[in-house]
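# Survey of secondary and tertiary structure
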Amino acid sequence: MTELPAGRSGAGTPIVEVRDVSKTYAQGKVIVPALNSLSVTIAEGEFTALVGPSGSGKTTLLNLMGGLDLPDRGSILLAGRRLETLSAAEVTRLRLQHVGFVFQAYNLIPVLSAAENVEYVMLLQGVSRSERRSRARAVLEEVGLTGLEDRRPAEMSGGQQQRVAVARAIVSGPAIVLADEPTANLDSHTATELLQLMRGMNVRHGVTFVFATHDELVMRHAKRIVRLRDGAVVEDERCS
Amino acid sequence: MNLTIAWRNLWRHPRRTLVILLAVIVGVWAMVFYAAFIRGMMADMLRQGIANLTGHVQVQAPGFFENPVIDARIRDVATVRDALGSLLPEGARWTSRLRTGAVVRSPHGAYGVTLVGVDPAAEHGMSFLADSVTEGSGLANAPHGLLVGRALLVKLEARTGHRLVIDAQDASGQIVSRAFVITGVYRAQLETTEKQLIFCRRETLQRMLGVGGDVSEFSIVLPAAEESPAVARTLRERLPESAFRVLTWREMIPFVGAYLDSMTVYALIWNVIVFVAMAFGLVNSVLMAVFERVREFGLVRALGITPFGILGGVVLETACLLVVGAAGGSLLAAVTVETLGRTGIDFSAFSAGTEYFGLARIVYPEAAASDYALAAGTVFVLGLLVSLYPAVKAARITPVAAMAHV
Ligand SMILES: Nc1ncnc2c1ncn2[C@@H]1O[C@H](COP(=O)(O)OP(=O)(O)O)[C@@H](O)[C@H]1O
Ligand SMILES: [Mg+2]
């Protein structure tokens, strides 16, 4: 089991630094270890896959990186702030300003159209109405959903819904987009398309992505693969 | 956009929303209608009370109100006339009456009554008397005519044209008897009135009792009941307390005033009762809406909304429901009150019961703007208050807990 020092992972500015983090869950009386003294650093502009079998701690790690949960031990730096030193309200604000999320499912607000779902985050950010409109339109065009702006999630395919989620995640230029198995519910063709879309954002706009997957096909698109097993990093490789 | 979201969320389960909306509508309707009904009943009670030979203000001799005997009469009639002539506001009317306890006899029985000597022409617009004569010609051209209530007539087994003998005590304390002819039959709102009051001409009674031009009371009807205290004050300044007593309707029929005053409190109590019945359904439906959207709340929390934002969303959703419900209920109430306010609600089938409480046979509900405001306000404020419970539950949902939720 090789544990790589955090600093070695990238040349760019670190966006997320996970240092010596442990996390356990209490399931009734049983303590379930999820992460075990894990360290990893994500640098600006990276396109990283978290890979590992089910239960290896991918989701837990992404949640901690995005400030959705707190570690038992260790420290997490996100966009220059130490999460463990912040109040819940400050973490929420940090998330709103700097983190984009794409989940496996239930990504969208069912009562809102595609465009409105994208606008929703900007509404929370306090972006003006007219700017929300034009930016939502533009980003939906970029993810190839022109013409579907007014569709509700239930009226779109799984792939289209995930595209909306990606559009929403990147619309305000976040420091990082965290995607937890974004393709798990898609067929391989659609999955590839979504990955290519994300990679395009990464290349064209320098958006930093971290996505969890256990799909070999998906991880082939990654520029860096961090392998997890039993809550620890077992391999950290860069691909060209 | 928040409003759009709230509104659309509200209609995700149209049937459930409609059911609870209906409950709110019926609740608000019940609140407004109750207030309107009570208000109508009160207004009628006041009208009846005023028309029941009370008037808005009366001038009497001291002691007459407590013990209405012939000795307690106004002897200086001219002073009162002068005062009324110069001090009453425009549109006010007045008349004077002489009252005494009496026994009326027919071949079928003898009954204790109050014999009231009136000026028939002056009673127009002053009391129920002028509009209530159902048979006969009344007192106009009959010096010894008698106006008898329908109910008493039945007990006496008499008809118009029959003679009746009346016994009363005159000014010197002697019992005097006079024969009268029934020249009219009147109906009153209340059967007790019909049994209690018998009318004759004032001069006839004055002569019978030997009191000259003296009277028991001056009754004044004002354009508006609200003017009573001010008018009474002016009259008190002019008429010396030693010889005159000025009373307002609130002093003469205090229970009507007390009812009117406590009406708002009753309405509020009723509103709260109705609301409590409604609140269970409301809280239940909001809770259901929260529990089936746990994942969504987790999602938007992950996206960066604050717990307070979640709370606000749930409350706003409830507010939408309550506004629509309050508007619907008010509208329904307005239609009902408007319709029944014109036709009236007939309680004559239960008249024996309602009379006992001194209530009207026909109630014309009338709603005031404050009735709508109170109902809508109760529902809105209390509704938002109870929706805080599910809203706080929603606000406590964390993204991680939501993801674990299936
Ligand atoms: N909410 C939870 N409660 C209890 N145990 C959990 C919870 N979430 C994750 N775990 C456990 O933590 C470990 C890591 O899970 P997770 O991070 O979801 O892994 P992955 O996403 O790679 O499948 C697993 O053993 C899992 O059972
Ligand atoms: Mg997972």
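Our subject in this report is the structure included herewith. The structure displayed is predicted, hence computed values, not measured ones.

With that settled, the discussion passes to the overall build of chain B. The number of helices and strands found in chain B is 14 helices and twelve strands. Dimensions of chain B, computed from C-alpha atoms along their principal axes, come out at roughly 100 × 50 × 30 Å. Within chain B, the fraction of its 406 residues that count as buried is 50%. Across chain B, contacts joining residues at least 24 apart in sequence account for 79% of those joining residues at least 6 apart. Here chain B has roughly 18400 Å² of accessible surface; of this, 62% comes from carbon and sulfur atoms. Counting 35 positive and 32 negative side-chain charges, chain B places the centres of these two groups 8 Å from one another.

With that settled, the discussion passes to the nonpolar core. Ranked by size, the top nonpolar core spans 76 residues in total, and within it A:Val18, A:Leu61, A:Met65 and A:Ile176 carry the most contacts. Looking at this core, the element that brings in the most residues is helix H11 (residues 307-343) of chain B, giving nine residues. In this structure, A:Ile176 is in contact with A:Ile15, A:Val16, A:Ile42, A:Leu78, A:His98, A:Val99, A:Gly100, A:Thr208 and A:Val210, ignoring residues within four places of it in sequence. Formed by 40 residues, the second largest nonpolar core is a distinct cluster that contains A:Met156, A:Val171, A:Val207 and A:Phe209.

Further remarks concern the site of ligand 1. Residue and element names in this part refer to chain A. In the vicinity of ligand 1, the contacting residues are Tyr 25, Gln 27, Val 32, Ala 34, Pro 53, Ser 54, Gly 55, Ser 56, Gly 57, Lys 58, Thr 59 and Thr 60. Taking Gly 57, its main chain carries an N or O atom lying 3.1 Å from an oxygen atom of ligand 1. Lys 58 places a polar side-chain atom, nitrogen or oxygen, 2.9 Å from an oxygen atom of ligand 1. Here ligand 1 has 550 Å² of accessible area as a free molecule, and 71% of this is covered by the chains. Every element with two or more residues in the shell around ligand 1 is listed here: strand S1 (14-27), strand S2 (30-43) and helix H1 (58-65). Among the elements that take part in the shell around ligand 1, H1 stands out by supplying three residues, more than any other. Looking at the shell around ligand 1 residue by residue, the classes come out as four nonpolar, seven polar and one charged.

Counting buried residues along helix H3 (residues 114-125) of chain A, ten of its twelve residues qualify, which places the element largely inside the surrounding structure. With its phi angle positive at about 85 degrees, A:Gly126 sits one or two positions after the end of H3(A).

Of the residues lining the interface, 19 residues belong to chain B; the matching set on chain A comes to 24 residues. Summing both sides of the interface, chain B and chain A together bury roughly 2100 Å²; the carbon and sulfur share of this comes to 70%. Contact with chain A buries area across many residues of chain B, yet B:Met1, B:Arg8 and B:Leu303 alone supply 32% of it, more than any other trio. The interface formed by chain B and chain A includes one salt bridge.

Residues and elements named next belong to chain A. A complete count under the given rule lists 32 salt bridges over all chains for this structure. Here Glu 119 ties to Arg 133 by a salt bridge, and the two come within 3.5 Å at their closest N and O atoms. Of this pair, Glu 119 sits in helix H3 while Arg 133 sits in helix H4 (residues 129-142); the two residues are 14 residues apart in sequence, bridging distant segments of the chain. On the basis of relative accessibility, which here comes to 6%, the residue Glu 119 falls in the buried class.

Residue placement: A:Ser75 occurs in strand S4 (residues 73-78). Beyond its immediate chain neighbours, meaning those up to four positions away, A:Ser75 contacts A:Glu17, A:Val18, A:Arg19, A:Val21, A:Arg82 and A:Glu84.

This part is about the sheet that holds strand S5 (residues 81-82) of chain A. All names here are of chain A. Strand order in the open sheet made by the four strands is S2-S1-S4-S5, with antiparallel pairing throughout. In the strand order of this sheet, the two ends are held by S2 and S5, each with one partner. As paired elements, S1 and S2 share ten bridges and run antiparallel to each other. Bridge assignment links Val 21 to a residue of S2, and that residue is Leu 38. Most of the contacts of H1 go to S2, to which it runs at about 60 degrees, and overall it touches S1, S2 and S4.

Attention now goes to the sheet that holds strand S6 (residues 99-102) of chain A. Residue and element names in this part refer to chain A. Reading across the sheet, the six strands line up as S6-S7-S8-S3-S9-S10 and stay open at both edges, with mixed pairing between neighbours. Only two strands of the sheet have a single neighbouring strand rather than two, namely S6 and strand S10 (232-238). Averaged over neighbouring strand pairs, the angle between their axes works out to 20 degrees when direction is ignored. Helix H2 (residues 88-98) rests against S6 and strand S7 (176-180) of the sheet, and its axis sits at about 80 degrees to S6. Lying on the sheet, helix H6 (residues 188-205) is in contact with strand S3 (47-51), S7 and strand S8 (209-213); it crosses S8 at an angle near 160 degrees.

The next thing to look at is the packing of aromatic side chains. As enumerated under the stated definition, the model contains eleven aromatic pairs over all chains in all. Ring centres 6.3 Å apart and planes at 75 degrees place the aromatic pair B:Phe128 and B:Phe199 in the edge-to-face group. Here B:Phe199 lies in strand S8 (residues 197-201) and B:Phe128 lies in the loop between strand S3 (109-118) and strand S4 (133-136), a separation of 71 residues in the sequence. Exposure class is identical for B:Phe128 and B:Phe199. Each is buried. Members of the aromatic cluster, each reached through a chain of ring pairs, are A:Phe47, A:Phe209 and A:Phe211. Lying over the aromatic face of A:Phe47, A:Arg199 brings its terminal NZ or CZ to 5.6 Å of the ring centre.

Thresholds applied
Residues numbered from 1 in each chain as written. Chains lettered and ligands numbered in written order. Predicted model: local features only at pLDDT ≥ 70, side-chain atom pairs only at ≥ 80, totals over all residues. Heavy atoms only, no water. Helix = DSSP H or I, 4+ residues; strand = E, 2+ residues; numbered from the N terminus. Buried < 20%, exposed > 50% of the residue type's maximum accessible area, 1.4 Å probe, protein only. Contact = heavy atoms within 4.5 Å. Areas by Shrake-Rupley, 256 points an atom, 1.4 Å probe, with all protein chains shown as cover. Lys, Arg positive; Asp, Glu negative; His and termini not counted. Charge placed at Lys NZ, Arg CZ, Asp CG, Glu CD. Core = buried A, V, L, I, M, F, W, Y, C linked by side-chain atoms within 4.5 Å. Near = heavy atom within 4 Å. Polar contact = N/O pair within 3.5 Å; in protein donor to acceptor, adjacent residues only side chain to side chain. Nonpolar A, V, L, I, M, F, W, Y, C, P; charged D, E, K, R; others polar. Buried area = accessible area lost by both parts, 1.4 Å probe. Salt bridge = Lys/Arg side-chain N within 4 Å of Asp/Glu carboxyl O. Pairing = 2+ DSSP bridges. Axes fitted to C-alpha atoms, helices over the stretch in contact; angles between N-to-C directions. Phe/Tyr/Trp six-rings, centres within 6.5 Å; stacked < 30°, edge-to-face > 60°. Lys NZ or Arg CZ within 6 Å of the ring centre and 35° of its normal.

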